[in-house]
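Single-letter residue listing:
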Amino acid sequence: MTVEAPERRGTTIVADRAVQRIAEQVISGLGGVGGAARRILGVPLGADNPEQPANVTARVRDGRIRLAVELSVDYPDPVSRTTQTARERLVREVGEMTGLVVDRVDITVTALHSDRSRERSLA
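The shown structure was predicted, so the numbers you read here are calculated from the model rather than taken from an experiment. (Residues numbered from 1 in each chain as written. Predicted model: local features only at pLDDT ≥ 70, side-chain atom pairs only at ≥ 80, totals over all residues. Heavy atoms only, no water.)

Peer 1: Explain the environment of Val33 to me, and be specific about the residues and the numbers.
Peer 2: Along the chain, Val33 turns up in strand β1 (residues 33-34). Sequence separation between Val33 and Ser72 is 39 residues, and the spatial gap between their C-alpha atoms is 5.5 Å. (Helix = DSSP H or I, 4+ residues; strand = E, 2+ residues; numbered from the N terminus.)

This is how it looks when you write it as structure tokens:
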């Protein structure tokens, strides 16, 4: 068996959807965050639900990843610390799993959830 020289081998392409799924799994393992209602033109389709996963959109271009994340944060957790932790974890873990560079993570916090709001959503 002959092995092709590196410059003659094919290229592995990682699809946007695959990166999106990976990022969704990473963010779902993070405490203090929950889902956001899907939106069309800024109008929510349903309610923000802390039990649902965050919304993630991924774009892969030239070996670099850009992520857009919509999520809700548990109140009274500090929003800035929670989003910074989420951003750092996404950059590190998505980068490790894909072998690509995550160069941008935009996070939009759509709601804050307290224990009382969780109780109302379960009723």
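Peer 1: Outline a nonpolar patch on the surface, supporting the account with residue identities and numerical values.
Peer 2: Taken together, Tyr75, Val79 and Leu112 make up a surface patch of nonpolar side chains, about 290 Å² in accessible area. For Val79, the position within the fold is in helix α2 (residues 79-98). For Val79, a relative accessible area of 33% puts it in the partly exposed group. (Patch = residues over 30% accessible without salt bridge, like charges linked within 9 Å, V, L, I, M, F, W, Y side chains within 5 Å. Areas by Shrake-Rupley, 256 points an atom, 1.4 Å probe, with all protein chains shown as cover. Salt bridge = Lys/Arg side-chain N within 4 Å of Asp/Glu carboxyl O. Buried < 20%, exposed > 50% of the residue type's maximum accessible area, 1.4 Å probe, protein only.)

Peer 1: Summarise helix α1 (residues 16-28); cite the residues concerned and give the values.
Peer 2: Spanning 13 residues, α1 covers 18 Å between terminal C-alpha atoms, matching the ideal 18 Å at 1.5 Å per step. Buried residues along α1 sit in contact with β1, β4 (55-61), β5 (64-74) and α2. (Expected span 1.5 Å × (residues − 1). Contact = heavy atoms within 4.5 Å.)

Peer 1: Could you give an account of the nonpolar core, with specific residues and numbers?
Peer 2: With 22 residues, the main nonpolar core has Ile27, Ile65, Leu67, Val69, Leu71, Leu90 and Val94 as its most contacted residues. Residue contributions to this core peak at five residues, all from β5. (Core = buried A, V, L, I, M, F, W, Y, C linked by side-chain atoms within 4.5 Å.)

Peer 1: An account of unusual backbone geometry is needed here, citing residue identities and associated values.
Peer 2: Peptide bonds are, in most cases, trans, and in most cases residues other than glycine have a negative phi. Cis geometry is found at the peptide bond from Tyr75 to Pro76, where omega equals 15°. Tracing the sequence through the fold places Pro76 in the loop between β5 and α2. Positive phi values are uncommon outside glycine, yet Asp62 reaches one of about 50°. With respect to the secondary-structure elements, Asp62 resides in the loop between β4 and β5.

Peer 1: So what's going on with the pairing of strand β6 (residues 101-113)? Which residues, and what values?
Peer 2: Direction of pairing for β5 relative to β6: parallel, over a ladder of 11 bridges. In the sheet register, Ser72 faces β6, and the bridge partner there is Ala111. In this view, the connection linking β5 to its parallel neighbour β6 by way of α2 has right-handed handedness. (Pairing = 2+ DSSP bridges. Right-handed = clockwise from strand over helix to strand, strands pointing away.)

Peer 1: Let's hear about the pattern of salt bridges: which residues, and what values?
Peer 2: Following the criterion strictly, the structure yields seven salt bridges and no others. Of the charged contacts, one joins Arg61 and Asp16 as a salt bridge, the two residues approaching to 3.6 Å between their closest N and O atoms. Separated by 45 residues along the polypeptide, Arg61 in strand β4 and Asp16 in helix α1 bring together distant segments of the chain. A residue is classified by how much of its surface remains accessible, and Asp16, at 26% relative accessible area, is partly exposed.

Peer 1: Describe in detail the side chain of Gln20, supporting the description with residues and values.
Peer 2: Within the secondary structure, Gln20 sits in helix α1. In this structure Gln20 comes out as buried when scored by relative accessible area, which is 14%. A polar side-chain atom of Gln20 sits 3.5 Å from the main-chain carbonyl oxygen of Val56. Residues in contact with Gln20, not counting those within four places in the same chain, are Val56 and Ala58. (Polar contact = N/O pair within 3.5 Å; in protein donor to acceptor, adjacent residues only side chain to side chain.)

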